[in-house]
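Listed below, chain by chain, are the residues.
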Amino acid sequence: MRIDLPSLPLAVLPTPMHPLERLSRHLGGPQVFIKRDDLTGLAFGGNKTRKLSYLLAEAVAQGAEVLVTRGAVQSNHCRQTAAAAARCGLDCVLVLHGPPAPTETGNLLLDRLLGARVRWTEALDPESVLEEEIAQLQSQGRRVYRIPYGGSNALGASAYAAAALELKAQGEDFDRILFASSSGGTQAGLVAGARWGGLRSQILGISVEPPAAALRLGVADLATSVGQLLGRPGSFLPEEIQVMDQFRGGGYAVVGDLERQAIRLFARLEGILLDPVYTGRAAGAMLDLIQSGQIGRQERVLFWHTGGTPALFAYSEGLTGRLEPAS
């Protein structure tokens, strides 16, 4: 099967997949591998670059002049959208949640360097501010293309159906594929692509914010829409979607011991940087599941690194400290 949709060459693909040998030894099993979507190549990379390759193809085909999307102050999605706009010669407006940040660091600094205009929502509803911004641009005669939150509509999520097929072609089999899940597009695409491509792995999303029931429903609906878009009709049911939400800690973007330990282990054992919000939480969940025996010592597990490393620089306080070296 092939995903035959128009796309732009924004991402460096296929991304590497390789074993984490020192981490696996430190844990005493299972065999842990990593899929490096932090290396997709667009402004520090990340999973959104795959989605934007499809979304920007549609935007350019429609003659768009400006991209508009929204996200948190340290949004990886917004950073990659700004970079995609720059690559394609488009303007970009980012609607960022909350009041103006006191300092520009991490993803916000990159947003500015990439030329995006930032609109802060203050205490207003982010979706309402987004709609207002789009209406203002259109009243000025600008042709606007709205990038969905997280790039997670059927078109964007289709990129991860293609990613599942890419993984299959890399020739390794896994008991589980584990990753951070939030807006649901990455998981929906992987679930759909796994079904069509014959991947038998458990596709396990670690929720970084939504409750499991809501995320399962959203992913199932979106995976069904991906199938309709790609001419492979068939429903996905919420009970088919594997989600864990017990690792949300203090809430979205609140860094705790789970994230700190995972970030330090990956950095000091493998030289790989995770981010504090998404991959740090998902990797921390994976470590907890291994240490508690819920992931067996004989399993083969793939951790899908979805990027986000620029956010490290906005969360520097509390991330460093002593960690006993592993042999």
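Below, the structure is looked at part by part.

What counts and what doesn't
Residues numbered from 1 in each chain as written. Predicted model: local features only at pLDDT ≥ 70, side-chain atom pairs only at ≥ 80, totals over all residues. Heavy atoms only, no water. Buried < 20%, exposed > 50% of the residue type's maximum accessible area, 1.4 Å probe, protein only. Helix = DSSP H or I, 4+ residues; strand = E, 2+ residues; numbered from the N terminus. Pairing = 2+ DSSP bridges. Right-handed = clockwise from strand over helix to strand, strands pointing away. Phe/Tyr/Trp six-rings, centres within 6.5 Å; stacked < 30°, edge-to-face > 60°. Lys NZ or Arg CZ within 6 Å of the ring centre and 35° of its normal.

1. Observations concerning the pairing of strand β8 (residues 202–207)
Most of β8 sits inside the fold, with five of its six residues counted as buried. Sheet topology places strand β7 (residues 176–181) next to β8; six bridges connect them, and they run parallel. Paired with Arg176 across the bridge in β8 is Gln202. After leaving β7, the chain enters helix α7 (residues 185–197) and then returns to the sheet as β8, a path that is right-handed. Pairing geometry for β8 and strand β9 (residues 242–244), over three bridges, is parallel. Paired with Leu204 across the bridge in β9 is Gln242. Once the chain exits β8 it traverses helix α8 (residues 212–229) before rejoining the sheet at β9, and the crossover so formed is right-handed.

2. Quick look at the packing of aromatic side chains
Between two aromatic rings, the relevant description is the distance of the centres plus the angle of the planes. One pass over the full model with this rule turns up four aromatic pairs. Aromatic side chains Tyr252 and Tyr278 sit 5.9 Å apart centroid to centroid with 70 degrees between the ring planes, which places their arrangement in the edge-to-face category. Taken together, the residues Tyr252 in the loop between β9 and α9 (257–270) and Tyr278 in the loop between α9 and α10 (279–291) connect sequence positions 26 residues apart. Where Phe266 meets Phe303, the ring centres are 5.6 Å apart and the plane angle is 55 degrees; that geometry is what we call tilted. Here Phe303 lies in strand β10 (residues 300–305) and Phe266 lies in helix α9, a separation of 37 residues in the sequence. The class for Phe266 is buried, based on a relative accessible area of 0%. A relative accessible area of 0% means that Phe303 is categorised as buried. Seen from the ring of Tyr149, Arg70 lies directly overhead, with NZ or CZ sitting 4.5 Å from the centre. Residue placement shows Arg195 over the ring face of Phe236; its charged tip is 3.7 Å from the ring centre.

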